[in-house]
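What the coordinates show
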Amino acid sequence: MSENTKIGPVRVRFAPSPTGYLHVGGARTALFNWLFARHQRGAMILRIEDTDAERNKPELVQGIVEGLRWLGVDWDEGPFYQSQRTDLYQAAGKKLLASGAAFLCYCPAERYAGGDHAVEAQDDEPKAPGARRIVRCTCRDGKPSTPGTKPALRFRVPIGGTTKFFDAVFGEREFSNDEIEDFVLLRSGKGDEEFGQSMYQLGVVVDDIDMRITHVIRGADHISNTPKQVLLYRALGAEAPIFAHVPLILGPDKSRLSKRHGATDVNMYRTEGFLPEAFRNFLALLGWAPGGDEEFLRTKELLEKFSLEGVSRTNAVFDRPKLEWFNTQYLQKLPIEDLLPEVEAELKRSHLWKDEWASGAGREWFAKTVDLLRPRIRLLPDFSSWSRAFFSDDFEIDPEAKAKFWKDPKVPELLAKLAEKLAAIAPSDWNHDACDHALRALAEAEGIKAGLLINATRVAIVGQAVAPPLFDTMVVLARDRVVNRLRRALPAQAAG
């Protein structure tokens, strides 16, 4: 059996806490779990770790779920909610108490650093960087510090020795037990409760055992939790899963990614108009490499290539320009039939969509138009804003373009004559060459450069100084629309 596989079907889980939005780091963790599960033909479980009643915001669960769905990360079981699984944690705690692996603690939490009932020894002895000595309380020996109060339940960490585990990314890891505090399993109860809320370490282990999790793929910031959880697995008589701690995601300044680096909520990138597959490709390469120099990887290729061996030990850097590059690559390279649903959704959002574009000749026109526009598109909303004139006759003419390209006093007369020439072309003969010939013939007859008429015409029919090639644009807009827009532009041009 290899170091990062277990006998039996692979089962992984993504377990966010509803105390905030779906952060980029959490989304990357979810994606790695999903890619690994699908590559191994295993199962992915979604678990909501909502036992922290003081910090949880139930409304954030929907945002997390929506973010995962937009990212294309689906799950096979769940979502399960820890707040609904209290009985399991209580039973496990009592089992640990009965076996002697846990003890009742009557000490007030504020006596100990971090509120978790442990302090570092205060002495003059030099300590290695990061090392600490834990002061064990007398409660573990059955001598309550504050008798008469309701006890919490704490794990009895072995004194002396080490706790080891294998990490599929970082290799063998070893922690001194003398640096692990007797951590809380269950808080003290209130009223008639024997014990209160389950703490993170107990809940996560009990759930992973119950859900038969084989691999725990999570951020490297959880490595310090792992020896505690390994001790819990052993005390509960269960085999620990294989751990794989993935590197953190940093901002461009190499500090932990945060709001000051820009959007960190995955749903913000959805709102901005990034393609989910482009975001997926970009996110997958933050801390993982398939081998070789390939970067543009469709999801099918990610699923084929993903392995824990490819996960880096070094932190990744979130590079916004690189994300934008990925997005433009996908906009330009996707098969047009894969891009159309995304553009359709954007046009529906902006109320520009017409049902006639859903099938038949309308669909063919829609595909041709999107294909013409996409080399100049950066984000999906560009189809509704910058490209609005291709999907609606209700658009504004850019004042700067108007001032620049309609300043020649001949323009009104030229546009009027061009409209007549174009109107004389039969619809069956309306194509790139016919439009090109009509405009250049007029320019020659009037003794002007074709560029003057090309630029003035572009502004008249799409309202912009920059657009796809004019004659290709005229073809997709069709004759009547082009002629009508030229005639409609005349009063505006004259007034300008």
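Structure report, in brief. (Residues numbered from 1 in each chain as written. Predicted model: local features only at pLDDT ≥ 70, side-chain atom pairs only at ≥ 80, totals over all residues. Heavy atoms only, no water.)

1. Let's talk about the overall build of the chain
Within the chain, the secondary structure is distributed over 18 helices and 13 strands. Here the C-alpha radius of gyration of the chain, 32 Å, is well above what a compact globule of 496 residues would show, namely 23 Å. Reported as C-alpha extents along the three principal axes, the dimensions of the chain are approximately 105 × 45 × 45 Å. Expressed as a percentage of its 496 residues, the buried residues of the chain come to 49%. The contacts in the chain between residues at least 6 apart in sequence include a share of 74% that link residues at least 24 apart. Only carbon and sulfur atoms are counted for the fraction: they give 50% of the accessible area of the chain, which is about 23,300 Å². (Helix = DSSP H or I, 4+ residues; strand = E, 2+ residues; numbered from the N terminus. Rg over C-alpha atoms; globule rule 2.2 N^0.38 Å. Buried < 20%, exposed > 50% of the residue type's maximum accessible area, 1.4 Å probe, protein only. Contact = heavy atoms within 4.5 Å. Areas by Shrake-Rupley, 256 points an atom, 1.4 Å probe, with all protein chains shown as cover.)

2. A short note on the state of the cysteines
For the structure shown, the criterion picks out 0 disulfides. With no disulfide of its own, Cys107 lies 3.5 Å from the sulfur of Cys139, the closest cysteine sulfur. On the basis of relative accessibility, which here comes to 4%, the residue Cys139 falls in the buried class. (Disulfide = S-S within 2.5 Å.)

3. Examining unusual backbone geometry
Here the bond from Gly78 into Pro79 is cis, since omega is 5°, no more than 30 degrees from zero. With respect to the helices, strands and loops of the structure, Pro79 is situated in strand E3 (residues 77-81). At Arg212, a position not held by glycine, the phi torsion is positive, near 60°. Locating Arg212 in the fold gives a position in the loop between helix H4 (200-210) and strand E10 (215-219). Overall, Arg212 belongs to the exposed group, its relative accessible area being 52%.

4. Quick look at the pattern of salt bridges
The full count for this structure, using the stated rule, is 33 salt bridges. Close ionic contact of Arg85 with Asp207 constitutes a salt bridge, the shortest N to O distance being 2.7 Å. One end of the pair, Arg85, is in the loop between E3 and helix H3 (86-99); the other, Asp207, is in helix H4, with 122 residues separating them in the sequence. According to the relative accessible area criterion, Arg85 is buried, its value standing at 13%. Arg298 serves as the salt-bridge partner of Asp338, at 3.1 Å between the closest nitrogen and oxygen. Here Asp338, found in helix H10 (residues 336-349), pairs with Arg298, found in the loop between helix H7 (276-284) and helix H8 (299-305); they are 40 residues apart in sequence, far enough to count as distant. Relative accessible area serves as the criterion here: at 33%, Asp338 is assigned to the partly exposed category. (Salt bridge = Lys/Arg side-chain N within 4 Å of Asp/Glu carboxyl O.)

5. Considering the packing of aromatic side chains
Within the structure shown, the criterion is met by 21 aromatic pairs. With centroids separated by 5.2 Å and ring planes inclined at 35°, the aromatic side chains of Trp357 and Trp365 adopt a geometry described as tilted. Judged by relative accessible area, which is 4%, Trp357 ranks as buried. Taken together, a centroid distance of 6.1 Å and an interplanar angle of 5° make the contact between Trp357 and Phe366 stacked. The pair formed by Trp357 and Phe366 is uniform in burial state, with each residue classed as buried. Clustering of aromatic rings is evident, with ring pairs tying together Trp70, Tyr269, Phe274, Phe279, Phe282, Phe318, Trp325 and Phe326. Positioned above the aromatic ring of Phe32, the side-chain terminus of Arg28 is 5.2 Å from the ring centre. A cation sits over an aromatic face here: Lys333 above Phe296, 4.9 Å from the ring centre. (Phe/Tyr/Trp six-rings, centres within 6.5 Å; stacked < 30°, edge-to-face > 60°. Lys NZ or Arg CZ within 6 Å of the ring centre and 35° of its normal.)

6. Considering the sheet that holds strand E5 (residues 152-155)
Within a sheet, neighbouring strands are paired by backbone hydrogen bonds and run either parallel or antiparallel to one another. Reading across the sheet, the 4 strands line up as E4-E5-E8-E9 and stay open at both edges, with antiparallel pairing between neighbours. The strands lining the two open edges of the sheet, one partner per strand, are strand E4 (102-105) and strand E9 (195-198). Taken over all neighbouring pairs, the strand axes of this sheet differ in orientation by 30° on average, direction set aside. Judged from the 4 bridges that link them, E4 and E5 form a sheet pairing that is antiparallel. Opposite Cys105, over in E5, you have Ala152 as the bridge partner. (Pairing = 2+ DSSP bridges. Axes fitted to C-alpha atoms, helices over the stretch in contact; angles between N-to-C directions.)

7. Focus: the sheet that holds E3
Across the sheet, which stays open at both edges, the 3 strands sit in the order E1-E2-E3 with parallel pairing between neighbours. Either end of the sheet is taken by a strand with one partner, and the two such strands are strand E1 (11-14) and E3. Across this sheet, the average inter-strand angle for adjacent strands is 25°, counted without regard to direction. Judged from the 3 bridges that link them, strand E2 (residues 43-48) and E3 form a sheet pairing that is parallel. Each bridged residue has a counterpart across the sheet, and for Arg47 the counterpart in E3 is Phe80. Running at roughly 165° to E1, helix H1 (residues 24-39) makes contact with E1 and E2 of the sheet.

8. A few points about the nonpolar core
One finds Phe366, Phe383 and Leu422 to be the most contacted residues of the largest nonpolar core, which totals 143 residues. Counting 5 residues, the second-largest nonpolar core is a separate cluster that includes Phe103, Cys105, Cys107 and Cys139. (Core = buried A, V, L, I, M, F, W, Y, C linked by side-chain atoms within 4.5 Å.)

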